Number of protein chains: 2
Amino acid sequence: MITFRDKVYRCPVELTIELIGGKWKAVLLWELSNKTLRFNELIRLFPNTTRKMLAQQLKEMERDGLILRQEYYQIPPKVEYSLTAFGKSFMPVLFSMNQWGMDYMAENIQE
Amino acid sequence: MITFRDKVYRCPVELTIELIGGKWKAVLLWELSNKTLRFNELIRLFPNTTRKMLAQQLKEMERDGLILRQEYYQIPPKVEYSLTAFGKSFMPVLFSMNQWGMDYMAENIQE
DNA sequence: CTGGATCCTCGAGGATACTG
DNA sequence: CAGTATCCTCGAGGATCCAG
């Protein structure tokens, strides 16, 4: 049992799930893994989600120190999203999650 | 874009999150990582959840091939849950998620 | 272009009681 | 002991419109 920010966790895994388990967060990290993207580019990458949801999840991930939001004060506005050093530190985990997901599909392709 | 079981995934990570992203799934895997547990033992380990939810998540994980449900036909009933080989193959990922969660806490302990 | 504000849906998750 | 059956809550996620 660990207490962190007034919340009790059974193990650090629970916290990790909370940080990256949101509906689009892991995939957002995936898309940002090797590039910087603007808000509208992300919108186009996720045609099945809404601006609100994307903005919300990006905001949470920024608050949690996973991504960096860089705003250019110009007209028209321009905002770029990229990974922080800590966000990048999640990449190995993400890659192993990716590999495991691929293994799962490979093993269950015939069903 | 990958289609698997009539659902479209952006990347295998999305599938992985679906398989282990449920509220208790990752922690269930964690608890079962090195031991076999009976239903009531799991109930006692999760005082903040209900039989229904635990049974539901266990059922899904059994369906997804992550855990093994072994029923002993006796009175009183006895059911043991353990990890399948495929469930065990997720352990390295889980450990890295655990380590990363610990790192996160360590870096943010002063806030 | 990058969001915020508002209102709404819907299903994950919970409370409680019952059963083989 | 190991669950189901029912009913219900509540908030994540969505639709839509507005704003700097």
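Summary of the structure given here. Because the structure is predicted, anything quoted here is derived from the model rather than measured.

## A closer look at the interface of chain B and chain A
Interfaces are often described in size by the accessible area the parts lose on coming together.
So, point 1. Contacts between the two partners involve 40 residues from chain B and, on the opposite side, 40 residues from chain A.
So, point 2. Buried surface at the junction of chain B and chain A, summed over both partners, amounts to about 3800 Å²; 74% is from carbon and sulfur atoms.
So, point 3. For the chain B face of the interface with chain A, the top three residues by lost area are Arg10, Trp100 and Tyr104 of chain B, together amounting to 21%.
So, point 4. Put simply, Arg10 of chain B and Glu31 of chain A hold a salt bridge, and the shortest N to O gap is 3.4 Å.
So, point 5. Inspection of the region where chain B meets chain A yields 14 residue pairs in polar contact (both at pLDDT 80 or more).

## Things to note about the protein's contact with DNA strand D
So, point 1. Lining the immediate environment of DNA strand D, one finds 21 residues, of which Lys52 of chain A together with Arg38, Arg51, Arg69 and Tyr81 of chain B sit closest.
So, point 2. Per the 4 Å cut-off to the protein, sugar and phosphate atoms form 63% of the nearby atoms of DNA strand D.
So, point 3. For DNA strand D, a phosphate oxygen lies 3.3 Å from a polar atom in the side chain of Gln57 of chain A.
So, point 4. Here the surface near DNA strand D takes 4 residues from helix H4 (residues 51-63) of chain A, the largest share from any one element.
So, point 5. Taken together, the residues that form the surface near DNA strand D break down as 8 nonpolar, 4 polar and 9 charged.

## A closer look at the protein's contact with DNA strand C
So, point 1. Taken together, 20 residues lie near DNA strand C, and Asn40, Arg69 and Tyr81 of chain A together with Lys52 and Met53 of chain B sit nearest.
So, point 2. The contact atoms of DNA strand C, taken as those within 4 Å of the protein, divide so that sugar and phosphate hold 64%.
So, point 3. Contact distances for DNA strand C include 2.3 Å between a phosphate oxygen and a side-chain N or O atom of Arg69 of chain A.
So, point 4. One of the backbone N or O atoms of Pro77 of chain A is found 3.4 Å from a sugar or linking oxygen in DNA strand C.
So, point 5. Among the elements that take part in the surface near DNA strand C, helix H4 (residues 51-63) of chain B stands out by supplying 4 residues, more than any other.
So, point 6. Across the surface near DNA strand C, the residue classes tally to 8 nonpolar, 4 polar and 8 charged.

## Examining the relation of the copies chain B and chain A
So, point 1. Its rotation angle being 180 degrees, the transformation that places chain B on chain A also includes 0.0 Å of axial translation and leaves an RMSD of 0.0 Å. The operation mapping one copy onto its partner corresponds to a two-fold rotation axis.
So, point 2. Here 100% of the interface residues in chain B have copies in chain A that are interface residues too; the copies meet face to matching face.

## Some thoughts on the layout of surface pockets
So, point 1. Considering only enclosed or pocket space, the largest pocket measures out at about 400 Å³ in volume.
So, point 2. What lines the largest pocket is a set of 19 residues, among which Lys23 and Trp24 of chain A together with Lys7, Glu14 and Glu18 of chain B lie closest to the centre.
So, point 3. Going through the elements one at a time, helix H2 (25-32) of chain A together with strand E2 (7-9) and helix H1 (12-20) of chain B are the ones with two or more residues in the lining of the largest pocket.
So, point 4. Looking at the lining of the largest pocket residue by residue, the class counts come to 9 nonpolar, 5 polar and 5 charged.
So, point 5. Of the pockets and cavities examined, the second largest pocket occupies roughly 330 Å³.
So, point 6. If you go around the second largest pocket, you meet 17 residues; those closest to its centre are Lys7, Val8 and Glu14 of chain A together with Lys23 and Trp24 of chain B.

About the criteria used
- Residues numbered from 1 in each chain as written.
- Chains lettered and ligands numbered in written order.
- Predicted model: local features only at pLDDT ≥ 70, side-chain atom pairs only at ≥ 80, totals over all residues.
- Heavy atoms only, no water.
- Contact = heavy atoms within 4.5 Å.
- Buried area = accessible area lost by both parts, 1.4 Å probe.
- Salt bridge = Lys/Arg side-chain N within 4 Å of Asp/Glu carboxyl O.
- Polar contact = N/O pair within 3.5 Å; in protein donor to acceptor, adjacent residues only side chain to side chain.
- Near = heavy atom within 4 Å.
- Helix = DSSP H or I, 4+ residues; strand = E, 2+ residues; numbered from the N terminus.
- Nonpolar A, V, L, I, M, F, W, Y, C, P; charged D, E, K, R; others polar.
- Least-squares fit on C-alpha atoms with pLDDT ≥ 70 in both.
- 1 Å grid on protein atoms, 1.4 Å probe; cavity = no way out; pocket = protein on both sides within 12 Å on 5 of 7 lines; lining within 4 Å.
- Points joined across faces, edges and corners; volume = space filled by probe spheres on them.

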